[in-house]
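Summary of structural features
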There are 2 protein chains.
Amino acid sequence: MSPPREAVPGSFDVESLLRAELPPAAVRWTGFPEFNLVGGHNDAASVPVDGLIEAATSVLQREGPTLSTYGLASGPLGYLPLREFIVRKLERDAGIRCTPDEVLITSGSLQGLDLVNDVFLAPGDTVVVEDMNYAGSLSRLKRCGANIVGVPLDAGGMRMDALDAALADLARRGIRPKFIYTIPTVQNPTATVMSMERRVRLLELAERYGTAIFEDECYADLTWDGARPPALRGMAGGDRVVHIGSFSKTIAPALRIGYLVASWPLMSHILALKTDGGTGALDQMVLAEYCATHFDSHVMALRATLRRKVEVLMAAVRDSFGASATFSDPTGGIFLWIALPKPVDTTRLAQVALQAGVAINPGAEWMTDGATGRSWFRVCFAHPDEATMRNGVARLAEVCRREFGVPAVAGGTHR
Amino acid sequence: MSPPREAVPGSFDVESLLRAELPPAAVRWTGFPEFNLVGGHNDAASVPVDGLIEAATSVLQREGPTLSTYGLASGPLGYLPLREFIVRKLERDAGIRCTPDEVLITSGSLQGLDLVNDVFLAPGDTVVVEDMNYAGSLSRLKRCGANIVGVPLDAGGMRMDALDAALADLARRGIRPKFIYTIPTVQNPTATVMSMERRVRLLELAERYGTAIFEDECYADLTWDGARPPALRGMAGGDRVVHIGSFSKTIAPALRIGYLVASWPLMSHILALKTDGGTGALDQMVLAEYCATHFDSHVMALRATLRRKVEVLMAAVRDSFGASATFSDPTGGIFLWIALPKPVDTTRLAQVALQAGVAINPGAEWMTDGATGRSWFRVCFAHPDEATMRNGVARLAEVCRREFGVPAVAGGTHR
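Residues numbered from 1 in each chain as written. Chains lettered and ligands numbered in written order. Predicted model: local features only at pLDDT ≥ 70, side-chain atom pairs only at ≥ 80, totals over all residues. Heavy atoms only, no water.

1. Focus on the relation of the copies chain A and chain B
Of the transformation placing chain A onto chain B, the axial shift is 0.0 Å and the rotation is 180°, giving an RMSD of 0.0 Å. Viewed as a symmetry operation, the transformation between the two copies matches a two-fold axis. When the interface residues of chain A are mapped onto chain B, 100% of them again fall at the interface, so both copies present the same face. (Least-squares fit on C-alpha atoms with pLDDT ≥ 70 in both. Contact = heavy atoms within 4.5 Å.)

Structure representation (structure tokens):
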């Protein structure tokens, strides 16, 4: 065979060399929309800038030369003072008793999701999840080729009768799920908190059916009163539960710092999959230095700010959508999860609204059953200021009314 | 079928749920060895601590609140001032002309390796690489299921006669490799620099055989005199060459900041695979702020330090191993690549030496053909201080003599 010379010398078609089944190509970023109600951005005014500067100065003065080594002087699990802070915090706030060797610092909890999926899942494996769920978790599970079984929630979190039925059905078909993935405390997107009774029952069911639990507590620090039930990881022994958390929602999302808690037998396998040369050092060091003395007071103030902002958002939605929009007052977190009447397709609404400068997250991406999710959408109230929420929601309602006849009358007059 | 109840209630065997073909589990980290001559750690005294503190303070004062958004105010490609610095630097130093939209900030160049492999490679695909190579690149390619074709190097870098023969052989068998992976400037581990004549020839061969080039220039800033040939990316148009680089070797490895240069058609596919929520913000911001005014003077001083240290290491190897060890004076970088006589198996030597407190990188992991690599090893001279190098190499020679009879007489007496 002669070499496959290119038709036009000097031209080069890179597409023909790429692998099959790539995700859709990214589009060029052109800045945030005027009314940015998507994603998990946080309150700009709450970033503790002075505290972070002070922390950066003191930790670099004390330990700056350790930047010369991968892993600092702490080894591959991450910066030791940060792991020690997490150990203390999880024992006090979540009832988890662990050692620093059972805590892995991850580059955001997204890396925690990737690592746990990678250690458990091969294509065709089954996982059980809450049927309204974080889009990034669902897309990752799909990318792993997992068979995703959705379990409905109500105001008390994942419904245990439905979970029992789903596990029994799988068992009848000879299928043992790899894990039950749950966001028990301030669930995304529903902002529900799983009751203690259901936590006990969930552990019983996991034991009965021989499966693991993957607990994601990214938002658990952000209940309005600061109270949270014990984590499932704290209620179970051994490696029944692998637990992840994050500082994205409590300090700042651009700091890519999350953590993963597992006993050493599982951790030793997970750590072997973390081949990134470590998580960003300054993010780790500055966060540890800041949190050791400021975490509690910062989060207490942030909770109050977020509560004020969600009240503005709920009022704005009631003003602009009236009875057309239904939602529950969230228990905490940064999101409001809103249902519109069935005729509204929020995927189309999101596209049309974006043309008008309003970005929302359509529900189809936030549910295991996209068809059921098509009339829901999610709004983040942490990032936009109060005027942006009011004006953005009003404009969204206008677009929705033009496109779907919902709400039937213009904002403000239908109450 | 009844549910698969566990034999012992309360016990839980997580191993039975893990996927097949996991890499070997990690072992617990117990601190660095006494004589740490492995890896890519850098000179602790050269970390510009004061400059980093100053940079952290000024950039956080100016832009701290942007930490509240994923991607800062710069979008998914990374912090814009850092991308702008890289654009200026690559044009001046490497002859690469690109825009900030053609630069992606990565979490170390390791993430660059992962992204490029991921966009091109499916199991069974073929890649062509220098036969002495970075272990982390080889292990990643193996993990992708790639068929790896090694091409020998000499003092002028990858041998083009051998590359031509390898590509012709593949073409005869109907195989079009996805890319040619090369570290042209201060190659790892050989520290060779590919000549200009060979760079021209490499581009011709890639065009002739219709394949891409993956250029890794992590060490290119660290030639002793600061001179470097133009990058392949600068010599070719379009997407023939995808280029990666890093700040790990010039500023600090614990800062996990690398970059990837590609034209937008390829970049749009690569960016869709970067689903990590962004690279660590403080690492990016502080680095950009520091480098804008200090990069050149810092790297000039670092080069002089590294040159002094490699001279200490070369003298130590000559003193302790005499004629038994052969190596070339490196053109730059942080590694010395050393051959011992054939009877020495450096994989075994590394194990025995570690018991004696000396860590080295055995050559078998640094070659496509592990059998040929078995008598080579790699030493990092950037991190250990001068006494550690002298005493560590002396102890290594003692261990090697006890184990393999090489060198034949004790250190220092055979010159």
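Okay, back to it.
2. Some remarks on the domain arrangement of chain A
Residue and element names in this part refer to chain A. Its domain assignment divides chain A into domain 1 (28-47 + 297-404) and domain 2 (66-294). Contacts between the two partners involve 26 residues from domain 1, matched on the other side by 30 residues from domain 2. Across the interface of domain 1 and domain 2, roughly 2,300 Å² is buried in total on both sides, 63% from carbon and sulfur atoms. The largest contributions to the domain 1 side of the interface with domain 2 come from Arg303, Thr331 and Thr368, which together make up 27% of the buried area. At the surface where domain 1 touches domain 2, the tally comes to 0 salt bridges. Here domain 1 is connected to domain 2 by 14 residue pairs in polar contact (both at pLDDT 80 or more). Mapped by element, the contributors of at least two residues to the side of domain 1 that touches domain 2 are α9 (281-321), β11 (335-339) and β14 (376-380). Considering every element that reaches the side of domain 1 that touches domain 2, the biggest residue donor is α9, with 8 residues. (Domains from an automatic or database assignment. Buried area = accessible area lost by both parts, 1.4 Å probe. Salt bridge = Lys/Arg side-chain N within 4 Å of Asp/Glu carboxyl O. Polar contact = N/O pair within 3.5 Å; in protein donor to acceptor, adjacent residues only side chain to side chain. Helix = DSSP H or I, 4+ residues; strand = E, 2+ residues; numbered from the N terminus.)

3. Focus: the interface of chain A and chain B
With 99 residues of chain A in contact, the opposing surface of chain B contributes 99 residues. When the buried surface of chain A facing chain B is broken down by residue, Leu17, Arg19 and Tyr70 of chain A rank first, second and third, together holding 9% of it. A salt bridge links aspartate 118 of chain B to arginine 19 of chain A; its shortest N-O distance comes to 2.9 Å. At the boundary of chain A with chain B, the tally comes to 36 residue pairs in polar contact (both at pLDDT 80 or more). Looking at the side of chain A that touches chain B, the elements that each hand over two or more residues are α1 (49-63), α3 (108-120), α4 (135-143), α5 (160-172), α6 (196-208), α8 (264-273) and α9 of chain A. Grouping the amino acids of the side of chain A that touches chain B by side-chain chemistry returns 52 nonpolar, 26 polar and 21 charged. (Nonpolar A, V, L, I, M, F, W, Y, C, P; charged D, E, K, R; others polar.)

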